[in-house]
Amino acid sequence: MAAVQDGPMELDAEKETKPEILSDGTSNLSGNTASGTLSSSPLTAAPAGGAPKMEDQQTLIAVLQFLKRNKLSESVEILRREAGLGEHQEDSQATDGSGGGKGDGDGGDANSLLSRVFITSAAAPQSMLVKKDQPDVSVVLSAYSQQGDPPLYQVYYSGLKNFIESVLDCHRAELSQLFYPLFVHMYLELVYNNHETKAKAFFDKFSGDQECYYQDDLRILCGLTKKEHLKGNEVLLDFRTSRFVLRISRDSYQLLKRHLQERHNNQIWNIIQEHLYIDIFDGMPRSKSQIDSMSGSLAGEARREVNKAKVFYGLLKEPEIEVPLDDEDDEAENEEGKPKKKKTKKDSLGSKSKKQDPNAPQQNRIPLPELKDSDKLDKIMYMKESTKRIRLGPENLPSICFYTFLNAFQGLTAVDFTDDSSLLAGGFADSTVRVWSVTPKKLRKVKSTAELNVIDKESDDVLERIMDEKTASESKILHGHSGPVYGVSFSPDRNYLLSSSEDGTVRLWSLQTFTCLVGYKGHNYPVWDTQFSPFGYYFVSGGHDRVARLWATDHYQPLRIFAGHLADVTCTQFHPNSNYVATGSTDRTVRLWDVLNGNCVRILTGHKGPIHSLAFSPNGKFLASGSTDGRVLLWDIGHGLMIGELKGHTDTIYALKFSRDGEILASGSMDNTVRLWDSMKAFDEVETDDFTATTGHIHLPDNSQELLLGMYHSKSTPVTHLHFTRRNLLLAAGAYNSQ
Amino acid sequence: MASPKTVPKDAQVMMQILKDMGITEYDPRVINQMLEFTYRYVTTIIEDAKIYSTHAKKSNVDADDIRLAIQCRVDQSFTSPPPRDFLLDIARQKNQTPLPLIKPYTGPRLPPDRYCLTAPNYRLKSLQKKVSSSAGRITVPRLSVGAVSSRPSTPTLGTPSVQTVGTKVGTPVSLTGQRFTVQIPSSQALTVRSKAPTPTTPTVQNVLINPSLIGSKNILITTNMVSQNSSSDSTSLKRKHEDEDEYDAL
């Protein structure tokens with residue numbers, strides 16, 4: 001019997017496909033006539049033998065088969081002699097699939113198990129005759145174990161639970177990570193093999209033990225009771241096929257392995273080998289709080305090697321612009337500039353050194369549009385404004401100007417400001433996009449062709465003359481989408497506006513003519529967010545089809561497809577150097593993608609709810625993300641680690657923005673508040689070199705209260721968008737919610 | 001919200017379902033909408049199943065029929081996004097091509113006109129129904145196909161102007177600026193009834209545009225009569241030139 005006990009573990013590891021065939025066989029019995037004819041003989045033979053004796057025989061025959069397969073001929077002979085089995089009996093009766101001498105080592109148990117197999121699926125043994133030749137005992141055994149024995153699942157799970165509760169404290173936290181994935185996989189297996197009632201019982205018994213942050217997933221699982229339900233659910237299918245990643249220290253892992261192998265809990269071991277990926281590290285086991293902060297995503301945590309790729313998070317060098325000398329002070333970037341009359345103020349924007357920042361990407365790593373004259377003028381304006389910028393800090397908080405959308409009736413779904421804060425765009429659930437002018441200057445569109453023919457093209461103010469004064473207005477409405485508009489984004493040169501909608505398209509609008517120019521079709525499902533690159537020309541969009549796409553305005557097809565998320569991509573953001581794109585998703589991870597080759601360079605887990613807002617710090621080193629769980633997490637992109645957690649909001653955070661110099665992080669949420677956090681302090685505390693970069697463990701100080709600089713309530717208006725003007729005034733936008 | 005006693009049983013079941021799924025706050029009309037959806041879906045499935053069972057000459061509708069009906073409908077109404085391995089595959093293919101270089105100083109960077117929505121999707125009816133005087137001209141109905149949005153967009157830059165009808169007799173007013181056109185002989189054009197009202201005689205100038213939605217593709221088919229030496233190209237070129245003017249000037 002010892003041979004049989006070892007058998008399942010090794011064989012099951014090899015034969016993963018067979019259970020699938022066999023379990024399919026269960027459901028497709030009607031098509032399996034061959035098995036029907038074969039099965040008739042064992043069935044007639046079976047009653048003849050009498051039930052218990054037959055089952056013993058089956059066991060022995062299965063053992064014989066196994067020994068034969070492993071060419072242990074002498075043992076075969078001995079066993080055959082001792083058991084008194086004839087040659088012929090094997091052929092006819094071994095075909096009966098209940099030879100489940102399962103690794104229990106207990107005869108009584110085996111019998112009860114076998115009888116249960118007969119009861120639950122009387123047709124099941126017959127279906128195991130899919131192979132016309134002599135069926136392997138390995139097939140039988142593995143099929144049996146995969147088909148499971150539903151009550152045994154509960155036994156296994158409780159056994160594991162007892163074991164984990166009995167280990168040392170330091171290991172317990174780590175090993176408890178196993179509960180959730182095991183629970184889900186076992187449940188899904190029961191459902192997949194059509195053991196509906198057993199699945200429900202299993203669920204009821206153990207769902208309460210799981211962590212609180214998995215409750216949403218469990219609620220969805222609870223509704224899935226049949227195999228058909230699984231078919232349409234892409235997220236769960238992905239969960240089943242992708243491997244859930246657990247990070248466990250070597251000591252804890254050894255403990256677990258020893259326990260499972262000595263207790264012959266094959267089922268759990270199978271699941272671990274097949275569906276889980278255990279990332280072992282050497283070092284101290286992690287504490288519960290450390291684990292809690294990193295876990296929560298749909299696929300477990302991130303493997304260490306995933307976050308090891310080099311990321312160029314530095315900023316691109318600012319181009320050198322010759323500035324006409326004015327009375328005012330100008331930017332300091334003019335390295336070969338003319339000698340100035342006054343001493344120029346040192347500007348944090350311009351990079352004084354000519355040396356390449358090692359962390360910055362090459363200028364030509366990705367093709368970027370060159371600067372036009374209008375862009376250069378914009379840059380000069382930018383420099384001028386930045387000299388007048390207020391330095392923010394804990395003692396110097398920004399003023400907040402809130403733009404409230406009235407009479408939107410909860411239809412406001414997206415907002416964006418231009419960089420110079422002159423225009424405001426709102427996307428609405430009635431599929432319109434409206435553009436407002438925030439400054440007293442009205443919105444004008446270009447004249448029609450007939451009128452353009454008559455203007456004097458040589459005059460100096462031709463740029464004003466081509467604009468139509470008669471239709472100037474404070475706001476303009478853009479029609480075109482056929483579904484609610486979920487994302488809007490202005491181009492940096494203020495010529496274009498992008499909008500993404502539930503109808504699956506992203507539209508490019510011209511802000512000179514206020515008409516739609518292009519509709520980019522690619523996502524066939526709602527597109528939740530879109531964003532222009534900080535240099536224009538490229539834009540990214542993310543939607544329900546679980547991918548984010550990178551487009552260029554002059555290509556009707558996407559240039560890059562960023563696939564890898566397990567659920568919808570809800571939020572997209574470009575890095576300030578335009579070489580990377582961050583995406584937040586409903587699978588509760590944030591991924592950073594390289595624009596050059598489409599690879600995912602960082603996977604950041606830790607949120608416990610879908611992520612709805614992302615913000616890069618202006619120096620490009622850090623990323624902040626906000627989700628439905630009300631927490632803002634701060635990440636160091638270079639190392640791929642979480643460096644801060646800001647708790648305080650009570651509802652989904654839809655808006656995150658860093659101030660222009662990165663000293664303050666503002667967050668706006670559905671709980672009608674805007675909170676200001678001291679990001680300088682949060683980042684200072686982790687500027688150490690001896691990071692726990694190798695193991696990736698962080699011990700986050702619970703200092704949310706200290707970092708909170710201010711909390712401001714609005715009058716029942718959830719905050720949809722935040723924007724710092726060039727002079728560090730904070731603008732917020734939201735729709736008044738009268739309920 | 002109505003008290004539970006007066007709420008019909010179906011609605012109570014729906015409220016319980018919403019509660020089980022964890023949805024606690026919702027507009028009262030959501031129940032009605034959900035019930036309506038349920039009723040419509042179930043009716044469709046059962047009707048389909050009845051058809052299948054009569055086709056199979058069965059007396060009753062059984063579970064297999066229902067299952068088949070559900071399977072057939074699921075691809076039409078409840079499509080789910082493509083599976084992950086497929087997405088990873090196409091992503092790998094797409095990401096292998098290097099990023100295209102950006103041509104400098106090209107004005108507004110837009111895709112080829114065919115993929116833009118900048119063309120006018122209407123044309124003005126010409127005022128004069130004049131027979132083309134030149135004998136050498138062969139008017140051929142030309143079918144142009146272009147992609148437009150599902151909603152008629154506001155007139156774009158290429159607003160056609162009724163120009164110089166007097167000078168060039170028999171020329172149509174402007175044309176869609178699309179380069180892709182399909183020439184079909186007049187006999188075929190006359191049979192295209194569903195798309196647009198066809199001109200009765202080749203010489204009549206009136207053209208009507210029917211921005212019809214054909215299936216799920218939004219294709220606009222215009223039949224227009226173009227003479228061989230049409231001025232349409234010049235107008236479209238002229239329009240493009242104007243575009244460039246405006247953009248470059250900024």
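Residues numbered from 1 in each chain as written. Chains lettered and ligands numbered in written order. Predicted model: local features only at pLDDT ≥ 70, side-chain atom pairs only at ≥ 80, totals over all residues. Heavy atoms only, no water.

- An unreviewed UniProt entry annotates chain B as Transcription initiation factor TFIID subunit 9-like originating from Sinocyclocheilus grahami.
- You can read under Sequence similarities (unreviewed entry) in the UniProt record for chain B the words "Belongs to the TAF9 family." (UniProt positions renumbered as here; feature names shortened; annotations may be inferred.)

### Some details on the overall build of chain A
Turning to step 1, where the next piece is worked out: A count of helices and strands for chain A gives 24 helices and 31 strands.
Turning to step 2, where the next piece is worked out: Buried positions account for 56% of the 739 residues belonging to chain A.
Turning to step 3, where the next piece is worked out: Considering only contacts in chain A between residues 6 or more positions apart, those separated by 24 or more positions represent 61%. (Helix = DSSP H or I, 4+ residues; strand = E, 2+ residues; numbered from the N terminus. Buried < 20%, exposed > 50% of the residue type's maximum accessible area, 1.4 Å probe, protein only. Contact = heavy atoms within 4.5 Å.)

### Structural notes on the sheet that holds strand β24 (residues 632–636) of chain A
Residue and element names in this part refer to chain A.
Turning to step 1, where the next piece is worked out: Strand order in the open sheet formed by four strands is β22-β23-β24-β25, and the pairing between neighbours is antiparallel. Of all strands in the sheet, those bounded by a partner on one side alone are β22 (611–616) and β25 (641–646). The average undirected angle you get between the axes of adjacent strands in this sheet is 25°.
Turning to step 2, where the next piece is worked out: Across five bridges, β24 lies against β25 in antiparallel orientation. Note on β25: the bridge partner recorded for W635 is M642. (Pairing = 2+ DSSP bridges. Axes fitted to C-alpha atoms, helices over the stretch in contact; angles between N-to-C directions.)

### Considerations on the pattern of salt bridges
Should their charged atoms come close, side chains of opposite charge can pair.
Residue and element names in this part refer to chain A.
Turning to step 1, where the next piece is worked out: Summed over all chains, the structure comprises 35 salt bridges over all chains.
Turning to step 2, where the next piece is worked out: With a closest N to O distance of 2.9 Å, R631 and E645 form a salt bridge. Here R631, found in the loop between β23 (622–627) and β24, pairs with E645, found in strand β25; they are 14 residues apart in sequence, far enough to count as distant. Here R631 and E645 have matching classes, each one buried.
Turning to step 3, where the next piece is worked out: Overlapping salt bridges bring together R389, R391, D661 and E663 as one network. (Salt bridge = Lys/Arg side-chain N within 4 Å of Asp/Glu carboxyl O.)

### What to know about the nonpolar core
Residues and elements named next belong to chain A.
Turning to step 1, where the next piece is worked out: Formed by 44 residues in total, the largest nonpolar core has its most connected members in F202 and L221.
Turning to step 2, where the next piece is worked out: With ten residues, the top contributor of residues to this core is helix α12 (residues 179–192).
Turning to step 3, where the next piece is worked out: Among residues more than four places away in sequence, those in contact with F202 are Y153, Q154, Y157, F183, M186, Y187 and L190.
Turning to step 4, where the next piece is worked out: Counting residues in each nonpolar core, the second largest holds 19 residues, with C571, A582, L604 and L623 among its members. (Core = buried A, V, L, I, M, F, W, Y, C linked by side-chain atoms within 4.5 Å.)

### What about the packing of aromatic side chains?
All names here are of chain A.
Turning to step 1, where the next piece is worked out: Counted by the stated rule, this structure contains 27 aromatic pairs over all chains.
Turning to step 2, where the next piece is worked out: Centroid distance F405 to F428: 6.1 Å. Interplanar angle 65°. Geometry classified as edge-to-face. Taken together, the positions of F405 in strand β3 (residues 400–405) and F428 in strand β5 (residues 423–428) put the pair 23 residues apart, joining distant regions of the chain. Summarising the burial analysis for this pair, F405 and F428 share the class buried.
Turning to step 3, where the next piece is worked out: Each member of the aromatic cluster is reached from another via a ring pair, and the members are Y153, Y157, F179, F183, Y187, F202, F203 and F206. (Phe/Tyr/Trp six-rings, centres within 6.5 Å; stacked < 30°, edge-to-face > 60°.)

### Structural notes on the interface of chain A and chain B
Turning to step 1, where the next piece is worked out: Counting residues at the interface gives 59 residues for chain A, matched by 45 residues for chain B.
Turning to step 2, where the next piece is worked out: The junction of chain A with chain B conceals about 4600 Å² of combined surface from both sides, 59% of it contributed by carbon and sulfur atoms.
Turning to step 3, where the next piece is worked out: The tally of links from chain A across to chain B stands at one salt bridge.
Turning to step 4, where the next piece is worked out: For E370(A), the salt bridge is made with R109(B), and the minimal N-O distance between the two is 3.4 Å.
Turning to step 5, where the next piece is worked out: If you look at where chain A meets chain B, you find ten residue pairs in polar contact (both at pLDDT 80 or more).
Turning to step 6, where the next piece is worked out: Going through the elements one at a time, α16 (234–241), α21 (449–454), β12 (505–510), β13 (515–521), β16 (547–552) and β17 (560–563) of chain A are the ones with two or more residues in the side of chain A that touches chain B.
Turning to step 7, where the next piece is worked out: Looking at the side of chain A that touches chain B residue by residue, the class counts come to 26 nonpolar, 22 polar and eleven charged. (Buried area = accessible area lost by both parts, 1.4 Å probe. Polar contact = N/O pair within 3.5 Å; in protein donor to acceptor, adjacent residues only side chain to side chain. Nonpolar A, V, L, I, M, F, W, Y, C, P; charged D, E, K, R; others polar.)

### Quick word on helix α5 (residues 73–83) of chain A
Residues and elements named next belong to chain A.
Turning to step 1, where the next piece is worked out: For α5, the complete set of buried residues consists of V76, L79 and R80. Down the axis of α5, the sector holding all buried residues measures 100°, keeping them to one side. Structural note: α5 exposes E74, R81 and E82 on the side pointing more than 90 degrees away from its buried face.
Turning to step 2, where the next piece is worked out: G84 occupies a position one or two residues after α5 and carries a positive phi of about 70°. (Arc of directions from axis to C-beta.)

### Structural notes on the pairing of β24(A)
Residues and elements named next belong to chain A.
Turning to step 1, where the next piece is worked out: Of all five residues in β24, five are buried; the element is thus mostly enclosed.
Turning to step 2, where the next piece is worked out: Where β23 meets β24, five bridges bridge the pair, whose relative direction is antiparallel. Each bridged residue has a counterpart across the sheet, and for F622 the counterpart in β24 is D636.
Turning to step 3, where the next piece is worked out: Turn length for the β23-β24 hairpin, with the two strands adjacent in sequence and antiparallel, is four residues, and the turn residue G630 shows positive phi of about 80°.
Turning to step 4, where the next piece is worked out: As consecutive antiparallel partners, β24 and β25 are separated by four residues, and within that stretch G640 has a phi angle of approximately 75°, a positive value.

### Observations concerning the packing of helix α10 (residues 150–166) of chain A against α12(A)
All names here are of chain A.
Turning to step 1, where the next piece is worked out: At a closest axis distance of 11 Å, the pairing of α10 and α12 adopts a crossing angle of 175°. Taken as axis vectors, α10 and α12 run roughly antiparallel relative to one another. Within the contact between the two elements, α10 uses P150, Y153, Y156, Y157, L160, K161 and I164 and α12 uses F179, L182, F183, M186, E189 and L190. (Parallel < 35°, antiparallel > 145°, perpendicular 65-115°, else oblique.)

### Description of the confidence of the model for chain B
All names here are of chain B.
Turning to step 1, where the next piece is worked out: On average, residues of chain B score 66 in pLDDT, and 49% of them are at 70 or above.
Turning to step 2, where the next piece is worked out: Under a pLDDT of 50 for its full length, residues 132–137 has, in the predicted model, four contacts with residues more than four places off or in other chains.
Turning to step 3, where the next piece is worked out: With pLDDT under 50 throughout, residues 139–250 is counted as low confidence; its partners more than four residues away or in other chains account for 183 contacts. (pLDDT = per-residue confidence, 0-100.)

### Overview of the side chain of R109(B)
Turning to step 1, where the next piece is worked out: The residue R109(B) is located in the loop between α4 (84–96) and β1 (140–147) in this model.
Turning to step 2, where the next piece is worked out: There is a polar contact of 3.0 Å between the side chain of R109(B) and the backbone oxygen of K103(B).
Turning to step 3, where the next piece is worked out: Apart from residues no more than four positions distant in its own chain, R109(B) is found in contact with P369(A), E370(A), Y496(A), Y537(A), T553(A), D554(A), I102(B), K103(B) and P104(B).

### Comments concerning the packing of helix α17 (residues 250–262) of chain A against helix α18 (residues 266–275) of chain A
Residues and elements named next belong to chain A.
Turning to step 1, where the next piece is worked out: Contact geometry for α17 and α18: axes closest at 9 Å, N-to-C directions at 135°. In this view, α17 runs oblique relative to α18, as classed from their interaxial angle. Remark: the crossing between α17 and α18 carries left-handed chirality. Between α17, through Y253, L256, K257, L260 and Q261, and α18, the contact on the second element is made entirely by I268, W269 and I272.
Turning to step 2, where the next piece is worked out: Split into classes, the residues belonging to the contact of α17 with α18 amount to six nonpolar, one polar and one charged. (Left-handed = near helix turned anticlockwise from the far one by under 90°.)

### Digging into unusual backbone geometry
Residue and element names in this part refer to chain A.
Turning to step 1, where the next piece is worked out: Positive phi, normally seen in glycine, also occurs at R588, with a value near 70°.
Turning to step 2, where the next piece is worked out: With respect to the helices, strands and loops of the structure, R588 is situated in the loop between β19 (580–585) and β20 (589–594).
Turning to step 3, where the next piece is worked out: We note that N728 has phi near 70°; this positive angle belongs to a residue other than glycine.

### Quick notes on the side chain of R591(A)
Turning to step 1, where the next piece is worked out: Structurally, the position occupied by R591(A) is in strand β20.
Turning to step 2, where the next piece is worked out: A distance of 3.2 Å separates a polar side-chain atom of R591(A) from the backbone oxygen of G564(A).
Turning to step 3, where the next piece is worked out: Not counting the four nearest positions on each side in its chain, R591(A) is found in contact with G564(A), H565(A), V581(A), A582(A), T583(A), C600(A), R602(A), I603(A) and R84(B).

### Let's talk about the sheet that holds strand β15 (residues 538–543) of chain A
Turning to step 1, where the next piece is worked out: The antiparallel open sheet is built from four strands, whose spatial order is β14-β15-β16-β17 (chain A). For this open sheet the edge positions go to β14 (527–532) and β17 of chain A, each flanked by a neighbour on one side alone. Neighbour-to-neighbour, the strand axes of the sheet open up by a mean angle of 15°, direction not taken into account.
Turning to step 2, where the next piece is worked out: Judged from the five bridges that link them, β15(A) and β16(A) form a sheet pairing that is antiparallel. Of the residues in β16(A), the one forming a bridge with F539(A) is W551(A).
Turning to step 3, where the next piece is worked out: Along the sheet, α4(B) makes contact with β16 and β17 of chain A, crossing β17(A) at roughly 145°.

### Quick look at the environment of P718(A)
Residues and elements named next belong to chain A.
Turning to step 1, where the next piece is worked out: Note on placement: P718 falls in the loop between β29 (708–713) and β30 (721–724).
Turning to step 2, where the next piece is worked out: Separated by 16 residues in sequence, P718 and G734 place their C-alpha atoms 5.7 Å apart.
Turning to step 3, where the next piece is worked out: Filtering out sequence-adjacent residues up to four positions away, P718 remains in contact with F402, S669, M670, N672, A733, G734, A735 and N737.

### A few points about the environment of E301(A)
All names here are of chain A.
Turning to step 1, where the next piece is worked out: Mapped onto the secondary structure, E301 falls in the loop between α19 (288–294) and α20 (373–387).
Turning to step 2, where the next piece is worked out: Sequence separation between E301 and F244 is 57 residues; the distance between their C-alpha atoms is 7.7 Å.
Turning to step 3, where the next piece is worked out: Not counting the four nearest positions on each side in its chain, E301 is found in contact with Q177, V245, R247, R286, M294, S295 and T605.
Turning to step 4, where the next piece is worked out: Among the polar contacts made by the side chain of E301, one reaches the side chain of R286 at a distance of 2.9 Å.

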